Each structure stands twice: as C-alpha cells, then as structure tokens.
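Working through the structure, step by step
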Amino acid sequence: MFSGRFARHQRLLRPAEFKQVFERPCKISDKHLTLLCRQNDLPHARLGLAIAKKQVKTAVARNRIKRMSRETFREQQTMLAGLDIVVLARTSAAQLTPQELRRVLENLWLRLVKKCKS
RNA sequence: GGAGUUGGCCAGGUAAUCGCUGGAGAGUUUUCUCUCUGGAGGAAAGUCCGGGCUCCAUAGGGCAGAGUGCCAGGUAACGCCUGGGCGGCGUGAGCCGACGGAAAGUGCCGCAGAAAAUAUACCGCCGAUGGUCCCAUCCCCCCCCACAGGGGCCAGGUAAGGGUGAAAUGGUGUGGUAAGAGCGCACCGCGCAGCUGGUAACAGCUGUGGCAAGGUAAACCCCACUCGGAGCAAGACCAAAUAGGGGAACAAUGUGUGGCCCACACAGUUCCCGGGUAGGUUGCUUGAGGUAUACGGUGACGUGUAUCCCAGAUGAAUGAUUAUCCAAGACAGAACCCGGCUUAUAGGCCAACUCCACUC
C-alpha cells in the first residue's frame, strides 16, 4: 500500500494548538463528520481528533473513527501539507461500517483541499 | 437418539504490504534511523460492594447516620464463595429464598366481604331454660293427684355456616347438644419441658398444655454485629516566562527627612533563597501474579517445590489494505492495582449428571 508515516510531530497535541484551529476555521462537513482546518507555517500537515463522548457513545465506535481518520490522513498527507486539521464526529458516525467510513473520509479530504488550499 | 441441569474453556484463522506504541541493543549523541522483541477483555462495561496504596483527621467513649441479618467455614476483606440447616418449586439432575424479632410501642391493610383487629354487632341456627299467646287432646259439678302434643313471639343461647379475600381466631373425623363450640376424644399442626444426635443452625423421640386470640419489619421501630474522610485529576519531585516576597553585595548614583557628614526609607545593578503557574518527570506495573505438580481438606481454599515475566498509552498505541479458508465472526476497548457482584453477548467445544424413547 501507501508509504507514509504518521509521527508525533504530525499531530495536534496541546490545547493551545487546538484553540488556534477552532478560532478561525475553514469548515467542511457532511451528515456524519465535520472537518475544521487552518493554514500553519510548517512544511507538513497536522491532525487533531475531537470525537466527543456525547456524540459517539461507545468507546469502540470512537476508536474506529479515530483510527480510520488517522489512516486516511496518513495516505493523503502529501496533498494536505501546510494545514492543521481537526476532525469532529456527529451522532450518526457511530453507525457507519469501516468501509463506509473510509469512503466518507476520502471524499472529505478531497473537498477540503479544493476549498482550503485556495 | 431426543429433551434438559450444572461446571469449565474458546471468542475467526493464515499470508503479504504499509503504519502506531512500550522495552533492549546499535548508529547518531537536538532528535531521528535501523535490528530484535512485547502490545486489550470475558466481561476491559455498570461503578453496586470489599481491600491494597496515597494524603488528611484521630486520647477514650457516646449519640446520630449507613450497611449487614439461619449456622459453620474460607479470605487481605466483603453485601462474595464453599459446605450444611429450614422453607418453596421441579418426575428428576437441580434451582430459588434480605431466612433475627409482630406477648415493647406506633402506623397501614385498596376491591370484595357480615366482619380486616374489635370478639363483637348483622344474616342465619336454636329457643333446652324462663315468660307470654294460640291450636289440638283429656277431664268437667267442684277439688286433688298422675300423664301431657304442636306452634308463634320475646328474653336468651350460639361462633358450626354466610358464595368474599393474599389473609377470617388451628385442620379432619367422631362423640356431644335445643343448636353449637377443644366442650371431650383420636390423628395432624402449634407452644412448653426433658432426653438423644449434631461444633452450630436444626432434627428425632418422649411427656405435657386445649391452643395463649391475623398479616405487614424491602413501614417506623427493637436487638446483634460492622463502618473516620477523600481519592492516582490521590500524592511526590523538577521547573521556564511574567508579576511579586525575603536576604546579601555594590556605589563618586538619584529622591525624601536634615544646615552638612553619618544614618534611615524608597528606587537602581548583580547574585542567592523559598513559594509556585505553563510544561515535564514520577506514582505505573512483580502482583493477595500466572502455569505445572505434590500434599491436606467433602469443598471454597491452604501449604510446599519448580518455573515464567505476560499492555502500560497520556489528545491517549494495539490499526488499515489485499488475498485466501470456513460453520461467515456477537457483545464490546485497559487508564493506579486486585477480589467479587450485576448487566450485554453470534456461536462453538469439553466433562459430569437427570428424564424419556429405542436396540441388544
């Protein structure tokens, strides 16, 4: 499959970093997920996950969304370079199968690049 | 073979590629790269109990509050487990039970029912006894003596019966009576006493008492026993930036008090100290540990020996894709750690036992 890593510096780690993205976001969403993004001054992209317990009840479903987000991010990261992205889940996201989730995410990444890179 | 009961176990497999993360080693000694090796559960869940650990509080005792509640044992401890007793359910293997006290007191008991705690009213039964009235019979001039039927009403007797109800003042039978009643008796039940068995809960037997006047304590309550509070965001350590605190040194420095020096106060520069925020480290996985085996015990479990190290993340790792096999994959994701309980769960496997049918 794809080569491509997902190391520590490619994640949003601190509350302050999340706050930056939430403040002036470029927003993309469908009925399952919402993506927020913002330009950073780095040569690579960074991903943050904010899957609320209130929206997605079981830990298994939360993990599934997080893992799939990371995985698809890892595959698409070259075209996302220079962006800080936060993924938010809605209630319906818990019902998706892994295959559906993958399709939804890949679609969203493409829309995100179109909108926010320009 | 079918139906079932109990206990235990498993929880998709294999291969390739690309990732995440703990540890060890090497290179590089910011940090990254490479190699090897480990990486969710039976419930990790609910947070309902119990304990370890940490900090705080604490002479001792009482009250309040909460919990537990047949007996014995196991355990670090428990509301858990094991064995036993009693009661209930099942043809049976087995299963279920907050299972102390209602002659300390208070409260409550819908509907139905005569009546729901008061031994009495009501309906009903009887009317022997006492009173009264009527009819029949007998006698008749009157008196005395003997014999004497049926019925109504009243006084009164009665707790047997009254289709109800979860529950109605022991049950069944028999004697007894005007009708009845533990009023008497037999058996069963209950209370009390003794003896026997058992560590005990309790059981059995014998004797004795006519039986003492519902239920509810998961209603208050009484009795016995147990319990200090908060939780790993506990707690310990390191520690920027900024502001402020204390101390020391510096000086021909400035301002104020003063006529001036000295001195004092506030500023200045440098250094040190303690508190402490962001952030980081630690607590953090070797433990009431697992596996095997021997011995003790009905068993829960205990003791000895050997052997193994088996997740430790911190925006939070354990995944993705492809191929393939089959019976086509349920519930579900560690967050300081253990022991339980409860709840969710596609299926599959093993052992012991029970009932039914059939064959020999």
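Residues numbered from 1 in each chain as written. Chains lettered and ligands numbered in written order. Predicted model: local features only at pLDDT ≥ 70, side-chain atom pairs only at ≥ 80, totals over all residues. Heavy atoms only, no water.

1. A short note on helix 2 (residues 59–80)
Quick note on the threshold: What the bend at a residue measures is the angle between two axes, fitted to the seven residues ending there and to the seven starting there. Only DSSP runs of H or I covering at least 4 residues are called helices, and only runs of E covering at least 2 are called strands; the numbering of each starts at the N terminus. Residue burial is assigned from relative accessible area. The probe radius is 1.4 Å, only protein chains are included, and a residue is buried under 20% of its type maximum, exposed over 50%, and partly exposed in between.
When the local axis directions of helix 2 are compared, the greatest deviation, roughly 50°, occurs at R74. A61, R62, I65, M68, S69, T72, F73, E75, Q76, Q77 and L80 are the residues of helix 2 that are buried. After helix 2 finishes, the residue G82 shows a positive phi value of roughly 90°.

2. What to know about the sheet that holds strand 1 (residues 26–29)
We apply this condition: When DSSP locates at least two bridges between a pair of strands, those strands are taken to pair. Comment: axis = line fitted to C-alpha atoms, over the contacting stretch for helices; angle = value between 0 and 180 degrees taken between N-to-C directions.
Judged by pairing direction, the sheet is mixed, and its four strands sit side by side in the order 1-2-4-3 without closing on themselves. Sheet topology places strand 1 and strand 3 (46–50) at the edges, where each strand pairs with a single neighbour. Each strand axis lies, on average, 20° off the axis of its neighbour in the sheet, ignoring direction. Pairing of strand 2 (residues 33–39) with strand 4 (residues 83–89), which is carried by seven bridges, proceeds in the antiparallel orientation. Across the sheet, Q39 pairs through a bridge with L83, a residue of strand 4.

3. A closer look at the nonpolar core
What counts here: Buried residues of nine kinds, namely Ala, Val, Leu, Ile, Met, Phe, Trp, Tyr and Cys, make up a nonpolar core once their side-chain atoms join them within 4.5 Å. Contacts were defined at the residue level, with two residues in contact if any of their heavy atoms lie within 4.5 Å.
In terms of nonpolar packing, the biggest core is built from 29 residues, with L33, I65, F73, L80, I85, W109 and L112 touching the most fellow members. Elements with a contribution of two residues or more to this core: strand 1, strand 2, helix 2, strand 4 and helix 3 (98–116). In terms of residue count, helix 3 provides more of this core than any other element does, eight residues in total. For I65, the residues in contact, after removing those within four places along its chain, are L33, I51, V56, A89, A93 and L101. L12, F18, V21 and V86 belong to the second largest nonpolar core, which has five residues in total.

4. Quick word on the pairing of strand 4
Quick note on the threshold: Handedness of a crossover is defined as follows: orient the strands so they point away from the viewer, and if the path from the first strand over the helix to the second runs clockwise, the crossover is right-handed.
Burial within strand 4 is extensive, with six of its seven residues counted as buried. Running through helix 2, the crossover from strand 3 to the neighbouring parallel element strand 4 is left-handed.

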